[in-house]
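# A structural walkthrough
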Amino acid sequence: YGLKYGIQEMMKTGGGSIVNVSSVLGTSGCPSMSAYSASKHAIIGLTKSAVAEFGGMNIRVNALCPGFIGTELGQDSMPEQMKAYLLNRVPMKRLGFVEEVTNNALFLLSDEAKYINGTIHVIDGGLSSSYL
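As paired elements, strand β1 (residues 16-21) and strand β2 (residues 59-66) share six bridges and run parallel to each other. Bridging across to β2, I18 finds its partner in V61.

A few words now on the nonpolar core. Looking at soluble globular proteins, one finds that nonpolar side chains tend to be buried together. Membership of the largest hydrophobic core is limited to nine residues, which are L3, I7, M10, I18, A50, V51, F54, I59 and V61. Looking at this core, the elements with two or more residues in it are α1 (2-13), α2 (34-54) and β2. Setting aside anything within four residues of it in sequence, one finds M10 in contact with G15, G16, S17, I18 and I59.

The volume enclosed by the second largest pocket comes to roughly 150 Å³. Lining the second largest pocket are G67, F68, I69, V90, M92, R94, L95, G96, E100, I123, D124 and G125.

Examined against the element boundaries, S17 turns out to sit in strand β1. At 3.4 Å, the side chain of S17 forms a polar contact with the side chain of R60. Apart from the residues lying within four places of it in its own chain, the contact partners of S17 are M10, R60, L108 and L109.

So, on to α2. Residues separated by three or four positions in an α-helix point in the same direction, a consequence of the helix having 3.6 residues per turn. Between its first and last C-alpha atoms α2 spans 30 Å; for 21 residues at 1.5 Å apiece the expected length is 30 Å, and the two agree. On its buried face, α2 sits against α1, β1, β2 and β3 (120-123).

This part is about the side chain of K40. With respect to the secondary-structure elements, K40 resides in helix α2. Notably, K40 is buried but unbridged: the nearest opposite-charge side chain belongs to D124, and the N-O separation is 15 Å.

Taken as a whole and judged by the stated rule, the model has one aromatic pair. Where Y1 meets Y5, the ring centres are 6.2 Å apart and the plane angle is 15 degrees; that geometry is what we call stacked. Judged by relative accessible area, Y1 falls into the exposed class, the value being 77%. The class for Y5 is partly exposed, based on a relative accessible area of 43%.

So, on to the confidence of the model for the protein chain. Residues at a pLDDT of 70 or more form 94% of the protein chain, whose mean pLDDT is 91. Here helix α3 (residues 72-77) stands out as the element of the protein chain with the lowest mean pLDDT, 65, in contrast to β2, whose mean of 98 is the highest.

Turning our eyes to something else, we now look at the pattern of salt bridges. Scanning the entire structure with this criterion turns up two salt bridges. Note that K12 and E9 form a salt bridge whose closest N and O atoms lie 3.2 Å from each other. Pair noted here: K12 and E9 are both in helix α1, with a separation of three residues, about one helical turn. By relative accessible area, K12 is classed as exposed at 64%. E9 sits in the partly exposed class, given a relative accessible area of 43%. The partner of E100 in a salt bridge is R94, and the shortest N-O contact between them spans 2.7 Å. The class of E100 is partly exposed, set by a relative accessible area of 29%.

What counts and what doesn't
Residues numbered from 1 in each chain as written. Predicted model: local features only at pLDDT ≥ 70, side-chain atom pairs only at ≥ 80, totals over all residues. Heavy atoms only, no water. Pairing = 2+ DSSP bridges. Helix = DSSP H or I, 4+ residues; strand = E, 2+ residues; numbered from the N terminus. Core = buried A, V, L, I, M, F, W, Y, C linked by side-chain atoms within 4.5 Å. Buried < 20%, exposed > 50% of the residue type's maximum accessible area, 1.4 Å probe, protein only. Contact = heavy atoms within 4.5 Å. 1 Å grid on protein atoms, 1.4 Å probe; cavity = no way out; pocket = protein on both sides within 12 Å on 5 of 7 lines; lining within 4 Å. Points joined across faces, edges and corners; volume = space filled by probe spheres on them. Polar contact = N/O pair within 3.5 Å; in protein donor to acceptor, adjacent residues only side chain to side chain. Expected span 1.5 Å × (residues − 1). Lys, Arg positive; Asp, Glu negative; His and termini not counted. Salt bridge = Lys/Arg side-chain N within 4 Å of Asp/Glu carboxyl O. Phe/Tyr/Trp six-rings, centres within 6.5 Å; stacked < 30°, edge-to-face > 60°. pLDDT = per-residue confidence, 0-100.

As structure tokens, then:
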């Protein structure tokens, strides 16, 4: 709905920027996470299709793909064994900070990024360069 209605308004006002949020699992697969991974792959496809359709109207669409971020919800719901498994695979050996994701989103929404369109920004401490 954000794309559907946001783009309609942006077309009236001469353009804008949208940042979709996917996941590092939208760029790969993971055991027992097929449905989640598929939905995050879909966000990346939607992002790229929106660029192809609306890029000529001064509408930029990019996607963020965070890895494992240290939110209260994520930390409280994640079993310690799973957290240890994941942290062992992140080259930086830590969860990401919320600010590391929001700062990337703010950059992509800013005029500083006015020629960045259709990109996928992975924020995962290097996890996607290793094997999940």
